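# Secondary and tertiary structure notes
This is what each chain is made of:
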Amino acid sequence: MRAWVVDEPGPVDGRPLAPVERPVPEPGPGQVRVRINVCGVCRTDLHLAEGDLAPKRRGVVPGHEAVGTVDRVGQGVTDLRPGDRVGVAWLARTCGVCAFCRTGRENLCVDPRFTGWDVDGGYAEHLVADEGYVYTLPEGFDDETAAPLLCAGIIGYRALRQSRCPPGGRLGIYGFGASAHLTAQVAMAEGMRVHVLTRSPDARRLALDLGVASAAGAADPPPEPLDAAILFAPVGTLVPPALAALDRGGTLAVAGIHLSDIPPLDYQAHLFQERVLRSVTANTRDDGREFLAAVARIGLRVATTVYPFDEADRALRDLAHDRVTGVAVLAVG
Ligand SMILES: [Zn+2]
Ligand SMILES: [Zn+2]
């Protein structure tokens, strides 16, 4: 089969992603094999290719927003069968026995495996995945629009929950890429008033078009104090203005796996009055199922740009240089 791998991480313009031929993998016990039709391109793939995320092993196939069809099942698989349409996302396996796994916080598992980092992901014609970590996908989303739900959607949903924005509350969204444009729509469906703060005029236009209450520059003060905010841009210098924009008791949730340095904070201006700054780390499978059930109810507009499979490296370069509108997806099958 054809696949893309990361051999030597490095600047994306130096082509750290290489096309290879690999044998089609066989599913082990409890695993399914998926013939991939579409795979979303996530900023984490870029961090991995460029080395911001240290590679777990040489020659790993990136990609953790894979949508396809089960074409073979391993021993002991009970819930899935060949022909089922499924999605494979970031969380590939958790230990099931650590203190976090046993208390409903498998996103914090001390020995997790991630798709496209520890185990081969979706920049390939096939992958294998543990049955228990594969999602069935809502009707009403074709493969191309379902792919971005699997990381951009699920992580954004967890960030929204961790921001503790109350029903009908005032939510700030900093940065407006793949994840943010999906999260904003969920928030609005839940009655929240959404203010988008981003440097990109195109993103501000998309946000207003989707119905947000306001859109302004990345570090601008929003038109009203915020009950909660989510920082999607991987830009640490936005932490102080986002904290300053919170009302008393508000929470800022940082959604990314990677953030540039946060400048010194002023306790009075940024944290006092019980403002909370918190990170968001991966997701539980319950987050994923809850989010997919929610979008099946409310529907979402998903902006995508499709790249042919053999131009995965161009997709990553375009993402690095902010040249992608909506979510980049690879047409694999
Ligand atoms: Zn665990
Ligand atoms: Zn991702």
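Refer to the structure above for everything that follows.
Residues numbered from 1 in each chain as written. Chains lettered and ligands numbered in written order. Predicted model: local features only at pLDDT ≥ 70, side-chain atom pairs only at ≥ 80, totals over all residues. Heavy atoms only, no water.

If the charged atoms of two oppositely charged side chains come close together, the side chains can form a pair. With the rule as written, the count across this model stands at 27 salt bridges. For Arg193, the salt bridge identified is with Glu224, shortest N-O distance 2.6 Å. Here Arg193, found in strand β11 (residues 193–197), pairs with Glu224, found in the loop between β12 (214–216) and β13 (226–231); they are 31 residues apart in sequence, far enough to count as distant. With relative accessibility at 40%, the residue Arg193 sits in the partly exposed group. Here the salt bridges do not stand alone but share partners, grouping Glu26, Arg33, Asp71 and Arg72 into one network. (Salt bridge = Lys/Arg side-chain N within 4 Å of Asp/Glu carboxyl O. Helix = DSSP H or I, 4+ residues; strand = E, 2+ residues; numbered from the N terminus. Buried < 20%, exposed > 50% of the residue type's maximum accessible area, 1.4 Å probe, protein only.)

Moving on to the layout of surface pockets. The volume enclosed by the second largest pocket comes to roughly 270 Å³. In this structure, the second largest pocket is lined by 22 residues; those nearest its centre are Val119, Asp120, Leu127, Val128 and Ala129. Take the lining of the second largest pocket: its biggest share by element is 5 residues, from strand β8 (residues 126–130). Residue composition of the lining of the second largest pocket, by class: 13 nonpolar, 4 polar and 5 charged. (1 Å grid on protein atoms, 1.4 Å probe; cavity = no way out; pocket = protein on both sides within 12 Å on 5 of 7 lines; lining within 4 Å. Points joined across faces, edges and corners; volume = space filled by probe spheres on them. Nonpolar A, V, L, I, M, F, W, Y, C, P; charged D, E, K, R; others polar.)

Here we take up the coordination of the zinc ion (ligand 2). Coordination of the zinc ion (ligand 2) by the protein comes from Cys42 (SG), His64 (NE2) and Cys151 (SG), over a distance range of 2.0 to 2.2 Å. The motif formed by the donor residues of the zinc ion (ligand 2), counted along the single chain, is C-x21-H-x86-C. Residue Cys42 is found in the loop between β3 (31–40) and α1 (43–50), and its partner Cys151 is found in the loop between α2 (143–146) and α3 (152–162); the two are separated by 109 residues along the sequence. Assessed through its relative accessible area of 7%, Cys151 is described here as buried. (Donors = N, O, S within 2.8 Å, 3.2 Å for Na, K, Ca; no water.)

Let us look at helix α9 (residues 312–320). For α9, the tally of buried residues reaches 7 of 9 residues, placing the bulk of the element in the interior. The complete set of buried residues in α9 reads Ala312, Asp313, Ala315, Leu316, Arg317, Asp318 and Leu319. In this structure, the buried side of α9 is in contact with β1 (2–6), β2 (17–21), α1, β16 (304–308) and β17 (327–331). Positive phi shows up at Asp322, right after α9, with a value of about 55°. (Contact = heavy atoms within 4.5 Å.)

The next thing to look at is unusual backbone geometry. A positive phi is found at Arg15, a non-glycine position, where the angle reads about 60°. Its location among the elements puts Arg15 in the loop between β1 and β2. Here the phi dihedral of Glu274 falls at roughly 55°; this positive angle occurs in a residue that is not glycine. With respect to the secondary-structure elements, Glu274 resides in the loop between α7 (267–271) and β15 (276–279). Owing to a relative accessible area of 67%, Glu274 belongs among the exposed residues under this scheme.

In this section: α3. Of all 11 residues that make up α3, 10 are buried, and the element is covered over most of its length. Arg164 lies just past α3 and shows a positive phi near 55°.

With that settled, the discussion passes to the packing of α3 against helix α8 (residues 285–298). Across the interface, α3 lies against α8 with an axial gap of 9 Å and an inter-helix angle of 100°. Judged by the inter-axis angle, α3 sits roughly perpendicular to α8. Residue-level inspection shows Gly153, Ile154, Tyr157, Arg158 and Arg161 of α3 in contact with α8, the latter providing Asp287, Gly288, Glu290 and Phe291. Here the residues of the contact of α3 with α8 are counted per class, giving 3 nonpolar, 2 polar and 4 charged. (Axes fitted to C-alpha atoms, helices over the stretch in contact; angles between N-to-C directions. Parallel < 35°, antiparallel > 145°, perpendicular 65-115°, else oblique.)

Let's shift gears to the coordination of the zinc ion (ligand 1). With distances of 2.3 to 2.4 Å, the protein atoms coordinating the zinc ion (ligand 1) are Cys95 (SG), Cys98 (SG), Cys101 (SG) and Cys109 (SG). For the zinc ion (ligand 1), the 4 donor atoms in the first shell make angles of 104 to 119° at the metal, so the coordination geometry reads as tetrahedral. All donors of the zinc ion (ligand 1) belong to a single chain; written as a sequence motif, their spacing is C-x2-C-x2-C-x7-C. A residue pair is termed long-range when its members are at least 10 positions apart, and Cys98 in the loop between β6 (91–93) and β7 (113–114) and Cys109 in the loop between β6 and β7 qualify at 11 residues. On the accessibility criterion, Cys109 (7% relative accessible area) is buried. (Tetrahedral: all angles 85-135°; square planar, octahedral: opposite > 155°, others 65-115°.)

Moving on: the nonpolar core. Grouped together as the largest cluster of nonpolar side chains are 45 residues, with contacts concentrated most on Val41, Tyr123, Leu316 and Leu330. Contributions of two or more residues to this core are made by β1, β3, α1, β4 (66–73), β5 (85–88), β8, α9 and β17. Apart from the residues within four sequence positions on either side, Leu316 is in contact with Val12, Leu17, Val41, Asp45, Leu46, Ala49 and Tyr123. Counting residues in each nonpolar core, the second largest holds 44 residues, with Phe141, Leu160, Leu182 and Ala255 among its members. (Core = buried A, V, L, I, M, F, W, Y, C linked by side-chain atoms within 4.5 Å.)

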